[in-house]
Amino acid sequence: MADLTSEFVGIRSPNPFWLASAPPTDKEYNVRRAFEAGWGGVVWKTLGAEGPPVVNVNGPRYGVVYGADRRVLGINNIELITDRPLETNLEEMARVKADYPDRALIASIMVPCEEAAWKAILPRVAETNADGIELNFGCPHGMSERGMGSAVGQVPEYIEMVTRWCKQYYDRPVIVKLTPNITDIRKPAAAARNGGADAVSLINTINSITSVDLDNFAPMPTIDGKGSHGGYCGPAVKPIALSMVSEIARAEATRGMPISGIGGITTWRDAAEFMALGCGNVQVCTAAMTYGFRIVQEMMSGLSQWMDEKGYRSTADFVGRAVPNVTDWQYLNLNYVTKARIDQDLCIKCGRCYAACEDTSHQAIAMGEGRVFEVIDAECVACNLCVDVCPVEDCITMERLAPGTVDPRTGRVVQDEYANWTTHPNNPMATAAE
Amino acid sequence: MPNSPFTAGIAPGRLPADEIARNFTDLHPPMDAHEAHVAADRCYFCHDAPCTIACPTEIDIPLFIRQIATGTPEAAAKTIFEANILGGMCARVCPTEELCEEACVRMTAEGKPVEIGRLQRHATDTLMARQGHPFERAAPTGKRIAVVGAGPAGLSCAHRLAWHGHDVTLYEAREKPGGLNEYGIAAYKSTEDFAAREAAWVMGIGGIELVQGRRLGDTLDLEALRHEFDAVFLGVGLGGVNALAAEGEQREGVLNAVDFISELRQAADLGALPVGRNVVVIGGGMTAIDAAIQSRLLGADQVTVAYRRGRDRMGASRYEQDLAASHGVRFLFNAQPKAIHDGAIELALTEEVDGALRATGETVSLPADQVFKAIGQTLTTDGGLELMGGKIAVDRSMKTSLANVWAGGDCASGGDDLTVTAVAQGRDAAEDIHRTLAG
C-alpha cells in the first residue's frame, strides 16, 4: 500500500494535496470542512497588513470558460486578498492549527514592499503556529495596481529583497508564489532562491478576460457595464503551469529547489504529472471550487492506486522522474521516424482524422470505399494531429519505423543512431558530431 | 356504469378522459435549450457525415447540430428547412432509427446515437415559434404550376416552386391540407395540431393558392391542367386500400386502418371514439403499428397485430415494434386472415419457403370485435400515365411519361412510403420543373 505522507520543506502532511490560497481557504469554517474532507494542507487566503481590510467588488467576481456540457475549463477572478480583519484570520488560524496538528497550515501574505510592513506582520503570523508562509507575488489584478502581488513578482530584485526580509524575521519555511505573467519564469525563481526561499510555488493566475458580453460590449465578469482583467485558473492553465514548473526544475540556477505545483490540478493524474516534473506537493483551487472538497478522496485513491501499480512506496519515489526527459527542441532525435496507424476495428468512421489531415495538414489520410480511412505513409509527417482529433482512444497510434527500413516520404533509410539538429547538415550552426 | 377496457363489443370512453388525454401527448417530449445543448455536444461533426448521407433530404446534420451547440437554433432550423421544408414533421415522424441515427458513428462507438430527430425538432420548433416565414421568394417568373395533392410531396414541391418565384395552385381533395401528416400519422407524433400549423406555415412563403375539394380523376382532369398550367406535379398519394380476400370482410367492425387513424386524428373528443375490446390489426407496416398502439391508448383490452410473414420481413422498424410491445400490443407472425366471424377472426398459419408464402394448414382463432386492415394502399387514378409496380412511373428527376407532368410521394414509383422521401421527391421535382421552365 502506497504511503501518501508528504514532507515538503520540512512540513509534514498526510497527503500531498493542499488547498491553494484562494476563496476556499478564507475562513475557519471552510478550512475545517476541507480538513474533514481529507485535504493534507491548506494555504490560508492571503493576509494583508493590519488596518482596515481591502474591499471587494459587490458585483460578480468570477468569469468562466466552458467546454462541452458546461464543463468548467477555466475560471477567472477579480477577488482581492482577504477582506476580513487580520486579527480575525490570525485567531482562526491558531484555532484550526491547534485542532488539526497533523495537517499543514500555511499563511499566505501580501503586504507593501517595505521592510517595516513585513517585519510587523511576520511575528503575528508566527504566533498562530502556522507551519510556514507563502509570499503572494502572484495576484495579477487589483492588488498589483497598488504595487503588490504580481507587481512584485514581475521584478526579480523585489522578490529577492522581500524574501530576504522574511527569512530574517521569520524562522519557519518561506515559500515564494510566482506569477506566470512574465516572460521567463526562471528569473523570479532564481531571485527567490537567492533571497533564501525554501521553495517556490506556481503558478498564480494568468491575466485574462474570459469572454465579452456581446449585448453590452463589456468584458466578463461585468460590473455596471465595465470589466477588468482577472486571474485565470483551472484545467485550461495546466499546460502553461507544467511548462513553467519544468523550466524551474531543470534550470541550473534553480535545479533541486522544492516546488509546490499549482495550476489546473483537477484529478490525481494531474497531480502525478506535476510531481513527476519536480513538484514535492501540489495545491488545488478551481477543482474544489467547481466540485467541492470531496474530490480529494478521488485524488488520494487514484494516486495511491497508481503508485501501487507502479511499485512506488512513497511520493519521493517518483517526484522529478520526468525532469531529465524535458529537453530543448534542438536535442530531439531526428532519426525517430513514426507513422500514424489506424486500427480499423476501433475506427467508428467519423472521418475527423481525414478532415483534419486533408484540410489542415499533409493530405496523408485516404478515404476509401465504405469510409475506410488509411494512412498514406509517403505523405505522413507524423504530426499526430489525427491522433489528437480522433474521438476514440488508441484508435490511431504512432508507430516507429524500424531502423533499416525506408521512410516512404523521404525515401531515406531510417537510421538507428540518435541525431539531432545541432549536427544536421541543414543547420548553418551545426557542430560536428562528437 | 362507465365503459372500461372490458366492456363487450365496440365502445367509446373505455378510459377516463384524463387518461386518454395523457396517452395522446407527445411520444418524445420536446427538448429544452439545456437538454439540446448537452445532446448537441455529442456530435462529432463528421467528415462527409453518414447521417446526412442516410437522410433522404440530405439535411446537413453536423452543421445544424453545431449551430444548436453554438446558441443559434434559428440558424440550425434554416439549415434544415433549406433541405427539407417539412423538417418539423420529419423530426417527429421519421424512423430515425433506420436513417440518420442508425448511421450515426456514435452507434458504432457506444450504441447510442446523437439524438438527431429530437435536436431537429428543437431547432425547427424554435424557428417556427417566431413570427413570419424564414425564406423570401425570388422575383416572379410569371410561370404557373399546378400541384395536385397537399400532402408532404405536394407541400414540399409547392414551397420550392414558390421560393423560386413561380405561382402555384395547390389542389387538395380533403378538407385540410397536410395529407397523411394530417390524416394518417399517429396522434402522439403530431400533437397540438402540428400538421395543420405546419402546412399553413409552409404556405406562408406566399405565391401558393390552396384550392380545396378538388380530386384528380373526379373534379380535376389532368389534360385540362396540362393545358392551363406551365407544369403539373402530382402528389396524390394512395387513396385505395387493399382487400383482405377473406371471408366475412364486409362485416361491420372490419375497417380500413387508415380510416380509423384519420377519424381519430380529426376527432374533437377522443373519449367519444369507439374502439373494440378485442382488436386485431392485419398488416406489418407503420399504419398497422399506429392503429394498434392507438387502439390500446383508447382503452382496447386486447390488441394483436397479425402479420402474414415473419418478424424480420415486417415493414415497421424494430423500434416501432418494440414501442407497440411496450404499449401492450401483441404480435402474431406468420398468420393471415382466412375468415371473419361474429366477434372472432380465423387466421391461417403460414410459412415462407424460398421466398414463397404458403399455408401450413393450421388455423388459429382470436376474439375480434374490430378488425383493422393495414395491408397496403393503392393508386385510385392513373390519369392516363404509365405505371410501374402499381404506381406512377417516374424517372430520377420525377418526370412522368407525359411531358410537363411530374409526380412524387407515395403515388410515384421508387419511393419507400416515408414522409421524408415524399418531401425529397417533391423538392427534387420542383427543382427539375424550375430548370425545365427556365429553359
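Values in this document were obtained by computation on a predicted structure and should not be read as measured data.

### Observations regarding the overall build of chain A
Phase 1 of the analysis: Across its full length, chain A holds 12 helices and 20 strands.
Phase 2 of the analysis: Here the C-alpha coordinates of chain A stretch approximately 75 × 60 × 50 Å along the principal axes.
Phase 3 of the analysis: Across the 434 residues in chain A, those meeting the buried criterion constitute 44%.
Phase 4 of the analysis: Across chain A, contacts joining residues at least 24 apart in sequence account for 70% of those joining residues at least 6 apart.

### Here's the deal with the UniProt feature "domain: FAD/NAD(P)-binding" (unreviewed entry) in chain B
Phase 1 of the analysis: If you check UniProt for "domain: FAD/NAD(P)-binding" (unreviewed entry), the listed places come out as residues 144-426 of chain B in our numbering.
Phase 2 of the analysis: Between the first and last C-alpha atoms of residues 144-426 of chain B the distance is 16 Å; the span itself is 26% helix and 30% strand.

### Remarks on the packing of helix α10 (residues 152-163) of chain B against helix α17 (residues 419-438) of chain B
All names here are of chain B.
Phase 1 of the analysis: The N-to-C vectors of α10 and α17 enclose an angle of 35°; their axes lie 7 Å apart at closest approach. With respect to the hand of their crossing, α10 and α17 are arranged in right-handed fashion. Facing α10, whose interface residues are Pro-152, Ala-153, Gly-154, Ser-156, Cys-157, Arg-160 and Leu-161, α17 presents Thr-419, Ala-422, Val-423, Gln-425, Gly-426, Arg-427, Ala-429, Ala-430, Glu-431, Ile-433 and His-434.
Phase 2 of the analysis: Classifying every residue of the contact of α10 with α17 by side-chain character gives 9 nonpolar, 6 polar and 3 charged.

### Describing the interface of chain B and chain A
Phase 1 of the analysis: Contact with chain B, which involves 10 residues of that partner, is made by 11 residues of chain A.
Phase 2 of the analysis: The residue inventory of the side of chain B that touches chain A, partitioned by class, reads 6 nonpolar, 2 polar and 2 charged.

### Regarding the domain arrangement of chain B
Phase 1 of the analysis: Here chain B is partitioned into domain 1 (10-22 + 242-376), domain 2 (33-128) and domain 3 (144-239 + 379-438).
Phase 2 of the analysis: Placing a centre on the C-alpha atoms of domain 1 of chain B and another on those of domain 2 of chain B gives a separation of 33 Å.

### Concerning the UniProt feature "domain: Dihydroprymidine dehydrogenase" (unreviewed entry) in chain B
Phase 1 of the analysis: Annotation from UniProt places "domain: Dihydroprymidine dehydrogenase" (unreviewed entry) at residues 22-130 of chain B.
Phase 2 of the analysis: As annotated, residues 22-130 of chain B comprises 60% helix and 0% strand, and the C-alpha atoms at either end are separated by 27 Å.

### Thoughts on the sheet that holds strand β16 (residues 279-284) of chain A
Residue and element names in this part refer to chain A.
Phase 1 of the analysis: Taken in spatial order, the 8 strands close into a barrel running β3-β4-β7-β8-β9-β10-β15-β16, and their pairing is parallel. In this sheet, neighbouring strand axes are inclined to one another by 25° on average, regardless of whether the strands run parallel or antiparallel.
Phase 2 of the analysis: Its contacts with the sheet place helix α5 (residues 156-169) against β8 (132-136) and β9 (174-177), and it is angled at close to 160° to β9.

### Comments concerning the sheet that holds strand β19 (residues 405-407) of chain B
Residues and elements named next belong to chain B.
Phase 1 of the analysis: Pairing in this open sheet of 5 strands is parallel, and the strands run β4-β3-β2-β5-β19 from one edge to the other. Both edges of this open sheet fall to β4 (208-212) and β19, since each of them pairs with a single strand only. Going from strand to strand, the sheet's axes swing by 20° on average, the running direction of each strand aside.
Phase 2 of the analysis: Where strand β5 (residues 231-234) lies against β19, 3 bridges are found, and the strand directions are parallel. Looking at the pairing, Phe-233 lines up with Trp-406 of β19.

### Some points on the nonpolar core
Phase 1 of the analysis: Ranked by size, the top nonpolar core spans 148 residues in total, and within it Phe-233, Leu-234, Val-281, Ala-292 and Ala-407 of chain B carry the most contacts.
Phase 2 of the analysis: Here the element with the most residues in this core is helix α15 (residues 286-298) of chain B; it accounts for 8 residues.
Phase 3 of the analysis: Among the nonpolar cores identified, the runner-up in size contains 94 residues, and Ile-75, Met-143, Tyr-232 and Trp-268 of chain A belong to it.

### Regarding the pairing of strand β12 (residues 335-341) of chain B
Phase 1 of the analysis: Here 6 bridges tie β12 of chain B to strand β13 (residues 344-353) of chain B, and the two strands are oriented antiparallel to one another. Bridge assignment links Ala-339 of chain B to a residue of β13 of chain B, and that residue is Glu-346 of chain B.

### Quick notes on the packing of helix α2 (residues 33-40) of chain B against helix α9 (residues 116-128) of chain B
Residues and elements named next belong to chain B.
Phase 1 of the analysis: The N-to-C vectors of α2 and α9 enclose an angle of 135°; their axes lie 10 Å apart at closest approach. One element, α2, and the other, α9, form an angle in the oblique class. Handedness of the crossing formed by α2 with α9: left-handed. Together, Ala-36, Ala-39 and Ala-40 of α2 and Arg-118, Leu-119 and His-122 of α9 make up the contact between the two elements.
Phase 2 of the analysis: In terms of residue class, the contact of α2 with α9 is built from 4 nonpolar, 1 polar and 1 charged.

### Brief notes about unusual backbone geometry
Residue and element names in this part refer to chain A.
Phase 1 of the analysis: Here the amide bond leading from Leu-202 into Ile-203 is cis, since omega sits at 10°, within 30 degrees of zero.
Phase 2 of the analysis: Checked against the element boundaries, Ile-203 lands in the loop between β10 (199-202) and β11 (206-208).
Phase 3 of the analysis: Going from Met-220 to Pro-221, the amide bond is cis rather than trans, its omega being -5°.
Phase 4 of the analysis: Among the structural elements, Pro-221 can be located in the loop between β13 (218-220) and β14 (230-233).
Phase 5 of the analysis: The phi torsion at Lys-349 lies on the positive side, around 70°, for a residue other than glycine.
Phase 6 of the analysis: Structurally, Lys-349 is set in the loop between β17 (338-342) and α11 (352-360).

### Here's the deal with α2 of chain B
Residues and elements named next belong to chain B.
Phase 1 of the analysis: Among the residues of α2, those classed as buried are Ala-36, His-37, Ala-39 and Ala-40. Around the axis of α2, the buried residues are gathered within 165° of arc, so they sit on the same side.
Phase 2 of the analysis: For α2, the elements touching its buried residues are α4 (61-69) and α9.

Rules used in this analysis
- All residue numbers refer to position in the chain's written sequence, counted from 1.
- Written order determines the labels here, with chains lettered from A and ligands numbered from 1.
- Reporting of local features is limited, given that this is a predicted model, to residues whose pLDDT is at least 70; pairs of side-chain atoms are given and counted only at 80 or more, and all residues count toward the totals for whole chains, interfaces and linings.
- Helix numbers and strand numbers start at the N terminus; a helix is a DSSP run of H or I with at least 4 residues, a strand a run of E with at least 2.
- Here the C-beta atoms are placed from the backbone, and a residue counts as buried if at least 20 other C-beta atoms lie within 10 Å of its own, exposed if 12 or fewer do, and partly exposed otherwise.
- By the convention adopted here, residues make contact when the C-beta atoms placed from their backbones lie within 7 Å.
- UniProt positions are given in the numbering used here, feature names are shortened, and annotations may be inferred rather than shown by experiment.
- Interaxial angles span 0 to 180 degrees and are taken between N-to-C directions of axes, which are lines fitted to C-alpha atoms, for helices over the stretch in contact.
- Crossing chirality is assigned from the near helix's rotation relative to the far helix, an anticlockwise turn below a right angle marking it left-handed and a clockwise turn marking it right-handed.
- Put simply, Ala, Val, Leu, Ile, Met, Phe, Trp, Tyr, Cys and Pro go in the nonpolar bin, Asp, Glu, Lys and Arg in the charged bin, and everything else, Gly too, in the polar bin.
- Domain start and stop positions are those given by an automatic or database domain assignment.
- By definition, two strands form a pair when at least two bridges between them are found by DSSP.
- Only buried residues count toward a nonpolar core: Ala, Val, Leu, Ile, Met, Phe, Trp, Tyr and Cys, linked into one set through C-beta atoms within 7 Å.
- For classification, angles of less than 35 degrees are called roughly parallel, those exceeding 145 degrees roughly antiparallel, those between 65 and 115 degrees roughly perpendicular, and all remaining angles oblique.
- This arc is taken over the directions from the axis of the helix to the C-beta atoms.

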